[in-house]
Amino acid sequence: MTNTNLSSPRTPIKILVTGGAGFIGSAVIRHIIHNTQDSVINLDKLTYAGNLESLTEVSDNERYVFEQVDICNRAELDRVFKQHQPDAVMHLAAESHVDRSIDGPAEFIQTNIVGTYNLLEAARAYWNELNNERKQTFRFHHISTDEVYGDLPHPSDAGANGKCSMLNGELNDDTDSPLSIHDTDNPLNIQNSKLNIQDTDNSLNIHNSKLNIHDTDNPLNIQNSKLNIGSLPLFTEQTSYAPSSPYSASKASSDHLVRAWLRTYGFPTLITNCSNNYGPYHFPEKLIPLVILNALEGKPLPIYGKGDQIRDWLHVEDHARALYKVVTEGKIGETYNIGGHNEKTNLEVVQTICTILDELAPIKHSKLNIQNYKSLMTFVSDRPGHDRRYAIDASKIAKELGWKPEETFETGIRKTVQWYLDNQQWCKNVQDGTYQRERLGSIDN
Ligand SMILES: NC(=O)c1ccc[n+]([C@@H]2O[C@H](COP(=O)([O-])OP(=O)(O)OC[C@H]3O[C@@H](n4cnc5c(N)ncnc54)[C@H](O)[C@@H]3O)[C@@H](O)[C@H]2O)c1
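Residues numbered from 1 in each chain as written. Predicted model: local features only at pLDDT ≥ 70, side-chain atom pairs only at ≥ 80, totals over all residues.

**What about the site of the ligand?**
Taken together, the neighbourhood of the ligand is formed by 30 residues, with Gly-19, Gly-22, Ala-49, Gly-50 and Ala-94 sitting nearest. In terms of residue class, the shell around the ligand is made up of 13 nonpolar, twelve polar and five charged. (Near = placed C-beta within 6 Å. Nonpolar A, V, L, I, M, F, W, Y, C, P; charged D, E, K, R; others polar.)

**Some words on the sheet that holds strand E2 (residues 39-44)**
Spatially, seven strands are ordered E3-E2-E1-E4-E5-E15-E20 in an open sheet, and the strand pairing comes out parallel. Each of the sheet's edge strands pairs with one partner strand only, and the pair in question is strand E3 (64-68) and strand E20 (335-338). Pairs of neighbouring strands in the sheet enclose a mean axial angle of 20°, with direction left out of account. With five bridges joining them, E2 and E3 adopt parallel strand pairing. (Pairing = 2+ DSSP bridges. Helix = DSSP H or I, 4+ residues; strand = E, 2+ residues; numbered from the N terminus. Axes fitted to C-alpha atoms, helices over the stretch in contact; angles between N-to-C directions.)

**Comments concerning the packing of helix H7 (residues 287-296) against helix H9 (residues 346-360)**
Packing of H7 against H9 brings their axes to within 10 Å, and their N-to-C directions diverge by 40°. Taken together, the axes of H7 and H9 lie oblique to each other. Judged by the sense of rotation from one axis to the other, the crossing of H7 with H9 is right-handed. Counting all contacts with H7, which are made through Leu-287, Ile-288, Val-291, Ile-292 and Ala-295, the residues of H9 involved are Asn-346, Val-349, Val-350, Ile-353, Cys-354 and Leu-357. (Parallel < 35°, antiparallel > 145°, perpendicular 65-115°, else oblique. Left-handed = near helix turned anticlockwise from the far one by under 90°. Contact = placed C-beta atoms within 7 Å.)

**Considerations on the pairing of strand E17 (residues 301-304)**
Burial along E17 is two-sided: Leu-301 and Ile-303 facing one way and Pro-302 and Tyr-304 facing the other are all buried. In the sheet, E17 pairs with strand E22 (residues 377-380) via four bridges, with the strands oriented parallel. From the neighbouring strand, Tyr-304 faces E22, where its bridge partner is Val-380. (Buried ≥ 20, exposed ≤ 12 C-beta atoms within 10 Å, placed from the backbone.)

**Focus: the environment of Glu-62**
Relative to the helices and strands, Glu-62 is located in the loop between E2 and E3. When the 7 C-beta atoms within 10 Å are taken as the criterion, Glu-62 is described as exposed. It is 9.6 Å that separates the C-alpha atoms of Glu-62 and Ile-33, two residues lying 29 residues apart in sequence.

**Re the nonpolar core**
Within the largest apolar cluster, 91 residues are counted, with the highest numbers of intra-cluster contacts made by Val-28, Met-90, Ala-295, Leu-323 and Ile-353. Beyond its immediate sequence surroundings of up to four residues, Ile-353 is in contact with Ile-288, Val-291, Ile-292, Ala-295, Ile-413 and Val-417. (Core = buried A, V, L, I, M, F, W, Y, C linked by C-beta atoms within 7 Å.)

Below is the structure:
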């Protein structure tokens, strides 16, 4: 397929962004208006998750227009394409919250699958009518998630047939560089036993290998030491799809439609699959804003299951930069995985937020009857079908398009907590009374 890209230097283009009033879409629009000469048409239905207040800093800009349209409404989509004549589409509009998809999948099927189909057809009809030059440069960028891949092996997954096995025993090691395990299939099994690691700099390194711990009360104690686990598998662009939730299944379906439109009609599409985002303007039903806001009000901080689910966190502004790079410089027909190389358990995320809040918003004892924010942590029943680990191999986009995240989790989460402290009015305004940070998606509610 011919591949003329839209990278600079070039005349400014018009980008139709769907879902631009949402968390990531609004970051994309702020990025484009602040950092490029391109124009944006923001097409959004304004569901509970869409809020134009996230765009106040760009809404007066002459390069920005808003269209309140449902992507399931074909006639309105045709009108928008005809009226605004975009050069590219960035498709972010979706129902996006896994817990809501468990409570009510219908909306996810409608918007994420039927809506994407409608948008593809409206865009294709418009593209068919473009002159040859514009047809060559037009592109349709579908924004998807790493959740389509299902989940990955978790560090605590068990195996058998170990090389170094301990049964009913203890492994005590007093050497400086105590225990390294490299490149074996299944090296260290601990059953009915304890592995204690104390006060070493770099005590247990496991590379391309597994640590299996079975049936012990207190299996792995690590104090003032490190447990390094290298080479657990990552999601690549070749990983097979295996979605677990109605949300991820609906996103997987939409990805398949987009690929089929490329293959069958030669329609110029690109897909990106990204890991969990965090940052400013995130609707408070998602883990990070929910924890910050609940903590500030002295409400319980819900941790699903044991809190050991691992996510690969990416700051939303890093994602926005990656998406702009892909739509303007990516190769038509390609998929790019986007991730932050920040694997954290949910428990670690919540504890980190609590520590930052203890520093930035110390508890006033007269108001909340607690010593520190961590004491609000509350373990609740796990989400049904909860994926245990996601982690992205983002080497393709790094190598081919030169994108790398700028924020580490440590820098990004601190800025995010500060943003929520500074923007509590936004948080109040987006919770319009229908959503009050109650538990969603537990089936037996
Ligand atoms: N949030 C994440 O961590 C993450 C990670 C990877 C990929 N994604 C994907 O990125 C996209 C954006 O995610 P987000 O977190 O910004 O979601 P969001 O829920 O914050 O925003 C979705 C936006 O889409 C709009 N919308 C919903 N239904 C619509 C419809 N029928 N017609 C028009 N607009 C509609 C909403 O009003 C809202 O503004 C989604 O496709 C999501 O699957 C999200």
